[in-house]
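Tertiary structure, described
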Amino acid sequence: MVKRSIPLVEFLRNTNGSILIITHENPDGDALGSGLALYKFLKKKGKEVYIASKDGVPHMLDFLPGAQEVIKPDDRFYDVGIIVDASGFYRAGTDVKVGKKIRIDHHIGGEFYGMHDYIDPNAPATASLVYEIIKSWDESAMDKDIATCIYTGLATDTGFFRYSNTTEKTFELARELVSWGADPYYVYTMFFEREKPNKMKLIARVLETLQLHENGLVAGVTVFKRFLDETGTTYEDTEGLVNYPRSIEGVRVAYALIEKPEEGVWKVSLRAKGDVNVGKIAERLGGGGHKYASGAKIEARSYEEALARLLSAIREELKLQKVHA
Ligand code: AMP
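Summarised in this report is the structure supplied together with it.

How each quantity is defined
- Residues numbered from 1 in each chain as written.
- Predicted model: local features only at pLDDT ≥ 70, side-chain atom pairs only at ≥ 80, totals over all residues.
- Heavy atoms only, no water.
- Phe/Tyr/Trp six-rings, centres within 6.5 Å; stacked < 30°, edge-to-face > 60°.
- Lys NZ or Arg CZ within 6 Å of the ring centre and 35° of its normal.
- Pairing = 2+ DSSP bridges.
- Helix = DSSP H or I, 4+ residues; strand = E, 2+ residues; numbered from the N terminus.
- Contact = heavy atoms within 4.5 Å.
- Axes fitted to C-alpha atoms, helices over the stretch in contact; angles between N-to-C directions.
- Parallel < 35°, antiparallel > 145°, perpendicular 65-115°, else oblique.
- Left-handed = near helix turned anticlockwise from the far one by under 90°.

It is worth spelling out the packing of aromatic side chains at this point. Counted by the stated rule, this structure contains 16 aromatic pairs. Through a chain of ring-to-ring contacts, three or more aromatic side chains come together here, namely F160, Y188, F191 and F192. Of note, K100 hangs over the ring of F11, and the distance from its end group to the ring centre comes to 5.3 Å. Here the basic side chain of K101 rests over the ring of F89, its NZ or CZ set 5.1 Å away from the ring centre.

Now the structure itself:
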């Protein structure tokens, strides 16, 4: 494979100041996997580097090497700030004081900060871009820990090699990472098979809310805040619930509408099955994401209002994208 010349590599090579890597709020496997891989690599290269996440590290990702080193964003000034796996610093969910801003990401659109951004919407995961950075800088610094972080980003963002962004290249990357020591069985069991019994109770409550719309093209679930209180679960436990409505036959767009009264919003997660671009639906609601996975925050006074706005955005986009049952 031909190595790409990456301006960011030269920039970081020559940086002597402090570097803050920051993930988007509610970080997923790719945000923390890519962030931690870059963090560990830059440390090996002797850089003064930190990694922060507003919401810390969720339980299912606490196995990632370096997870204990993730800090909460603070008031310090950092010479360089790198936002990973997000369409801009606004997605960090908090203000950070940084000199130069840089974005490493695979989302379409978003904010651009200059020639040192490293953005490729065709990459299956941000972690694969971090792997390219490492390969083009100093591949000999790869180790089992870094490979595990990158593999986790790649695996989680491809639905463990099942989604439509899974290609021959994805498997080739995975093969290389396994040869560096990443263990697919370990990552899978740590990520998926450490659920708390209370999460099962939450799933049961949430599945009761299942609704189908548009002749079965659209399906979704709702997570009311009281469900979390009643089952002793937290917002973190809502991760992945949107996959249940998506698994229904004929469904092309799935949503999970999650009440977040403390922020005064309804968080919506959108997932596509087939060729609907749910990124466009999220954009209509002021959010963003990819073609097959996106999200937004809807400011609404009631559940009915939030759902109506969501369904209207979905309907308009289905019409525009000429999607019929
Ligand atoms: P989620 O449904 O939260 O797992 O998010 C799916 C994808 O959409 C991720 O790639 C997120 O980065 C993106 N996303 C989620 N919420 C937002 C938002 N409020 N604004 C922009 N992008 C978002």
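The discussion continues.
Bringing the sheet that holds strand β2 (residues 48-52) into the picture now. Read across the open sheet, the five strands follow the order β2-β1-β3-β4-β5; overall the sheet is parallel. Each edge of the open sheet is held by one strand with a lone partner, namely β2 and β5 (118-119). The sheet contact formed by strand β3 (residues 77-84) and strand β4 (residues 97-105) spans seven bridges and is parallel. Bridge pairing in β4 places G81 opposite K101. Where helix α3 (residues 126-138) meets the sheet, it contacts β3, β4 and β5, and its direction lies at approximately 105° from that of β4.

Here the focus is the packing of helix α4 (residues 144-157) against helix α5 (residues 168-179). The N-to-C vectors of α4 and α5 enclose an angle of 155°; their axes lie 9 Å apart at closest approach. Viewed along their axes, α4 and α5 adopt a mutual orientation that is roughly antiparallel. Like other packed secondary-structure pairs, α4 and α5 cross with a definite hand, here left-handed. Between α4 and α5, the contacting residues are A147, I150, Y151 and L154 on the first element and T170, L173, A174, L177 and V178 on the second.

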